[in-house]
Amino acid sequence: MLKEDNIIEKIEKAIRVSEKYIGEGEVATYIPELANVDPDGFALSIVTVDGKVYEFGDLDTVFSMQSISKIISLTMALLDNGKELVFSKVGTEPTPYKFNSLIPIDDRASNPLINAGAITTASLIKGDDVDDRFDRVLTFVQKLAESEEVNFLYKVYNSEMKTTDVNRAITYYLKSKGIFEKPVEEVLDLYIRDCSIGIKATELARLGSVFANGGKNSKGEQLISEDIVRIVLSQMASCGMYEESGRFLMEVGFPAKSGVSGAILGIVPGRCAIVTYSPRLDESGNSIRGKHLLDLLSDEIRLNIFLHE
């Protein structure tokens, strides 16, 4: 829930101030299809735990979830296997290395929100084959987002599969360490499919509001246990913005997860979920305008979870 006093004015003020970051950074090009977007496209959606929606910008723009899908892989791995098994395969600690680095891998990846960790959690999702596993993932995302329009972006998937040599190397390395036993290409395929789920800002914010509301949707149905929500939010807080995670948490003050398509999902527990979409990225792979807008919103409508009200 958000305090209603002048809230629209405060949000619009934050958006106006964030306009000074238009033009900063570059869109992701290592996945060629991600370069085929309006680099200055913008959307903001806020969905509160009591169902209020605040929307601004290009709300019909569909973008791929990319690394935001990592929170879904973690959630489903936990639902399918339990905490003990999942965290025997993947760690919990932040890393100073790039999101696609091989360096943090020893007997397990350092956390589930970098590529190695998310490939590991994808390997733990149950199903008869890749198609069945992905159907479960997509159906789960649609259920959380309360939208059957959430779909699979074949062009993004095909583009990423042609340029995923680093992720393929990571997957083979994980297999060589005995972290999973499934065929490498099946695990990699599911991971890339998950990243290629297409979604709009408000759909993603509605999905996030389930995590903000202790695992309950707008109808009060418990879709995710409170224990799993706590785990996912703690990992988002400590690891969700890659090597900028500590500074982001210090300055903005709530859990978040970014994706290289330009989206950031922020969760303010007990209050709301916020999605920003702006494709130009910094060197860490985080949206420049998006992260600054979340900082501005945190100040304007007092969203920092460390503030005493």
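Rules used in this analysis
Residues numbered from 1 in each chain as written. Predicted model: local features only at pLDDT ≥ 70, side-chain atom pairs only at ≥ 80, totals over all residues. Heavy atoms only, no water. UniProt positions renumbered as here; feature names shortened; annotations may be inferred. Buried < 20%, exposed > 50% of the residue type's maximum accessible area, 1.4 Å probe, protein only. Helix = DSSP H or I, 4+ residues; strand = E, 2+ residues; numbered from the N terminus. Contact = heavy atoms within 4.5 Å. Pairing = 2+ DSSP bridges. Core = buried A, V, L, I, M, F, W, Y, C linked by side-chain atoms within 4.5 Å. Axes fitted to C-alpha atoms, helices over the stretch in contact; angles between N-to-C directions. Parallel < 35°, antiparallel > 145°, perpendicular 65-115°, else oblique. Left-handed = near helix turned anticlockwise from the far one by under 90°. Nonpolar A, V, L, I, M, F, W, Y, C, P; charged D, E, K, R; others polar. Expected span 1.5 Å × (residues − 1). Salt bridge = Lys/Arg side-chain N within 4 Å of Asp/Glu carboxyl O. Phe/Tyr/Trp six-rings, centres within 6.5 Å; stacked < 30°, edge-to-face > 60°. Lys NZ or Arg CZ within 6 Å of the ring centre and 35° of its normal.

- Looking up the chain in an unreviewed UniProt entry gives the name Glutaminase, with the organism given as Peptoniphilus olsenii.
- Quoted verbatim from the Sequence similarities (unreviewed entry) field of UniProt, the annotation for the chain is "Belongs to the glutaminase family."
- As recorded by UniProt, the Subunit (unreviewed entry) comment attached to the chain reads in full: "Homotetramer."

Topic: helix H6 (residues 154–162)
Next up, step 1: Taken together, the buried positions of H6 are Val-156, Tyr-157, Ser-159, Glu-160 and Met-161.
Next up, step 2: Tucked into the core, H6 has its buried residues touching strand E3 (63–64), strand E4 (151–152), helix H7 (165–176) and helix H8 (184–195).

Quick look at the side chain of Arg-193
Next up, step 1: Considering the arrangement of structural elements, one finds Arg-193 in helix H8.
Next up, step 2: Leaving out residues up to four positions away in the same chain, Arg-193 has contacts with Val-130, Asp-131, Phe-134, Phe-152 and Tyr-157.

Regarding the sheet that holds E4
Two orientations exist for strands paired in a sheet by backbone hydrogen bonds: parallel and antiparallel.
Next up, step 1: In spatial order, the strands read E3-E5-E4; together these three strands make up an open sheet with antiparallel pairing. Every interior strand has two partners, whereas the edge strands, E3 and E4, have only one.
Next up, step 2: Of the pairings in the sheet, the one linking E3 to strand E5 (residues 197–199) comprises two bridges and is antiparallel in character. Residue Ser-64 lies in a different strand from E5, and its bridge partner there is Gly-198.

Comments concerning the nonpolar core
Next up, step 1: Formed by 70 residues in total, the largest nonpolar core has its most connected members in Ile-72, Leu-207 and Phe-211.
Next up, step 2: In this view, Ile-72 contacts Met-65, Val-137, Phe-140, Val-141, Leu-144 and Leu-207; residues no more than four positions away in its chain are not counted.
Next up, step 3: In this structure, Ala-14, Ile-46, Tyr-54 and Val-252 belong to the second largest nonpolar core, which totals 24 residues.

Observations regarding the packing of H6 against H8
Next up, step 1: Two elements in contact, H6 and H8, have axes separated by 9 Å at closest approach and are oriented at 135 degrees. As judged from the angle between their axes, H6 and H8 are oblique. Between H6 and H8 lies a crossing whose hand is right-handed. Side by side, H6 and H8 meet where Tyr-157, Glu-160 and Met-161 of the first sit next to Asp-189, Ile-192, Arg-193 and Cys-195 of the second.
Next up, step 2: Counted by class, the contact of H6 with H8 contains four nonpolar, no polar and three charged residues.

Some words on helix H2 (residues 69–81)
Next up, step 1: Here H2 is 13 residues long and its end C-alpha atoms lie 18 Å apart, about the 18 Å a rise of 1.5 Å per residue gives.
Next up, step 2: A large share of H2 lies buried, amounting to 11 of its 13 residues.
Next up, step 3: Regarding H2, the residues found buried are Ser-69, Lys-70, Ile-71, Ile-72, Ser-73, Leu-74, Thr-75, Met-76, Ala-77, Leu-78 and Asp-80.

Things to note about the packing of H2 against helix H5 (residues 130–145)
Next up, step 1: For the pair H2 and H5, interaxial distance at closest approach is 11 Å and the crossing angle is 110 degrees. One element, H2, and the other, H5, form an angle in the roughly perpendicular class. Where H2 approaches H5, its residues Ile-72, Thr-75, Met-76, Leu-79 and Asp-80 are matched on the opposing element by Arg-136, Val-137, Phe-140, Val-141 and Leu-144.
Next up, step 2: Residues belonging to the contact of H2 with H5 are distributed by class as follows: seven nonpolar, one polar and two charged.

A look at the pattern of salt bridges
Next up, step 1: Going through the model one piece at a time under the given rule, you end up with 14 salt bridges.
Next up, step 2: Between Arg-168 and Glu-185 there is a salt bridge whose closest N-O contact spans 2.9 Å. You can see Arg-168 sitting in helix H7 and its partner Glu-185 sitting in helix H8, a full 17 residues away along the chain.
Next up, step 3: A salt bridge links Lys-291 to Asp-282; the nearest nitrogen and oxygen atoms lie 2.6 Å apart. Residues Lys-291 and Asp-282 agree in their burial class; the two are buried.
Next up, step 4: Bridged by salt links that share partners, the residues Asp-131, Asp-189 and Arg-193 form one connected network.

Overview of the packing of aromatic side chains
Next up, step 1: In total, this model carries five aromatic pairs according to the counting rule given.
Next up, step 2: Considering the side-chain rings of Phe-152 and Tyr-154, the 4.6 Å spacing of their centres and the 70 degrees angle between planes classify their relative orientation as edge-to-face.
Next up, step 3: In this arrangement the basic side chain of Arg-289 is found over the ring face of Phe-42, its NZ or CZ atom lying 3.9 Å from the centre.

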